[in-house]
Amino acid sequence: QVPLAESGGGLVQAGDSLRLSCTASERTFTRGNMAWFRQAPGKEREFVASIPRNGEFTYYADSVKGRLTISRDNAKNTVFLQMNSLKPEDTAVYFCATSLKVCLNSKIASQDQSYYYWGQGTQVTVSS
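Residues numbered from 1 in each chain as written. Predicted model: local features only at pLDDT ≥ 70, side-chain atom pairs only at ≥ 80, totals over all residues. Heavy atoms only, no water.

## Considering the overall build of the chain
Scanning the chain from N- to C-terminus turns up one helix and eleven strands. Scanning the chain from its N terminus toward the C terminus, one meets helices and strands in the order β-β-β-β-β-β-β-β-β-α-β-β. In terms of overall size, the chain behaves like a compact globule, its C-alpha atoms giving a radius of gyration of 13 Å where 128 residues would be expected to give roughly 14 Å. In the chain, buried positions account for 44% of the 128 residues. Sequence-distant contacts in the chain: of pairs separated by 6 or more residues, those separated by 24 or more amount to 60%. Carbon together with sulfur atoms contributes 46% to the accessible area of the chain, which is approximately 7,000 Å² in total. For the chain, the distance from the average site of its 14 positive side-chain charges to the average site of its 11 negative ones is 5 Å. (Helix = DSSP H or I, 4+ residues; strand = E, 2+ residues; numbered from the N terminus. Rg over C-alpha atoms; globule rule 2.2 N^0.38 Å. Buried < 20%, exposed > 50% of the residue type's maximum accessible area, 1.4 Å probe, protein only. Contact = heavy atoms within 4.5 Å. Areas by Shrake-Rupley, 256 points an atom, 1.4 Å probe, with all protein chains shown as cover. Lys, Arg positive; Asp, Glu negative; His and termini not counted. Charge placed at Lys NZ, Arg CZ, Asp CG, Glu CD.)

## Let's talk about the sheet that holds strand 3 (residues 18-24)
One open sheet accounts for four strands, arranged 1-3-8-7; its pairing is antiparallel. Only two strands of the sheet have a single partner each, and these edge strands are strand 1 (4-7) and strand 7 (68-73). Pairs of neighbouring strands in the sheet enclose a mean axial angle of 15°, with direction left out of account. Of the strand pairs in this sheet, strand 1 and strand 3 are connected by four bridges, and their pairing is antiparallel. Looking at the pairing, Glu 6 lines up with Cys 22 of strand 3. (Pairing = 2+ DSSP bridges. Axes fitted to C-alpha atoms, helices over the stretch in contact; angles between N-to-C directions.)

## Quick look at the nonpolar core
Core analysis: the biggest nonpolar cluster contains 35 residues, and Trp 36, Val 48, Leu 81, Met 83 and Tyr 94 have the highest contact counts within it. At the level of secondary structure, the elements contributing two or more residues to this core comprise strand 3, strand 4 (34-39), strand 5 (46-51), strand 7, strand 8 (78-83), strand 9 (92-98) and strand 11 (122-127). When residues no more than four places from it in sequence are discounted, the contact partners of Tyr 94 are Glu 6, Leu 20, Trp 36, Phe 37, Arg 38, Val 48, Leu 81, Met 83, Gly 121, Thr 122 and Val 124. (Core = buried A, V, L, I, M, F, W, Y, C linked by side-chain atoms within 4.5 Å.)

## Section: the pairing of strand 11
Two faces make up the sheet, and in a regular strand the side chains alternate between them. Judged by which residues are buried, strand 11 turns out to be one-sided: Thr 122, Val 124 and Val 126 face inward and are buried, whereas Gln 123, Thr 125 and Ser 127, on the alternate face, are not. Looking at chain direction, strand 2 (residues 10-13) and strand 11 are connected through four bridges and run parallel. Counterpart to Val 12 in the pairing with strand 11 is Val 126. With three bridges connecting them, strand 9 and strand 11 associate as antiparallel partners. Within the sheet, the bridge partner assigned to Tyr 94 lies in strand 11 and is Thr 122.

## Digging into the pattern of salt bridges
By the definition in use, this model includes five salt bridges. We note a salt bridge from Arg 38 to Glu 46, for which the minimum N-O separation is 2.7 Å. Since its relative accessible area comes to 5%, Arg 38 is described here as buried. Among the residues examined, Glu 46 registers a relative accessible area of 36% and is labelled partly exposed. (Salt bridge = Lys/Arg side-chain N within 4 Å of Asp/Glu carboxyl O.)

## As for unusual backbone geometry
If a residue is not glycine, its phi is most likely negative; likewise, a peptide bond is most likely trans. One non-glycine residue, Asn 77, lies in positive phi territory at about 55°. Looking at where Asn 77 falls in the secondary structure, it is placed in the loop between strand 7 and strand 8. A positive phi angle, close to 50°, is found at Ser 85, a residue other than glycine. Within the element layout of this structure, Ser 85 appears in the loop between strand 8 and strand 9. The partly exposed category is assigned to Ser 85, whose relative accessible area is 43%.

Here it is as structure tokens:
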């Protein structure tokens, strides 16, 4: 069993929707946040969204607010990223990650160094 595995990526057209999923193992499903990052070719990995274990808060990059929604199902050890109104600039490999501790503010939640476990990524390609 893969410790942290993303799924749901694919090739879509602009304006379409996708729902990404990431399922953690008992070891990688932590008491902290679960998050999504993405990386496009030639660019650094960037923050997308994060949510703590209790789901009380959500954090988003400005570029995805109103279009992408993060949620989690703790009973299934899974975090989701509902992606609506996709744009070509959303094209990237999307990674999920978990932190060992709850991220208490947006600065901490948006930094990749806050996260310990990482998946291998799922490709999202949006054509115009």
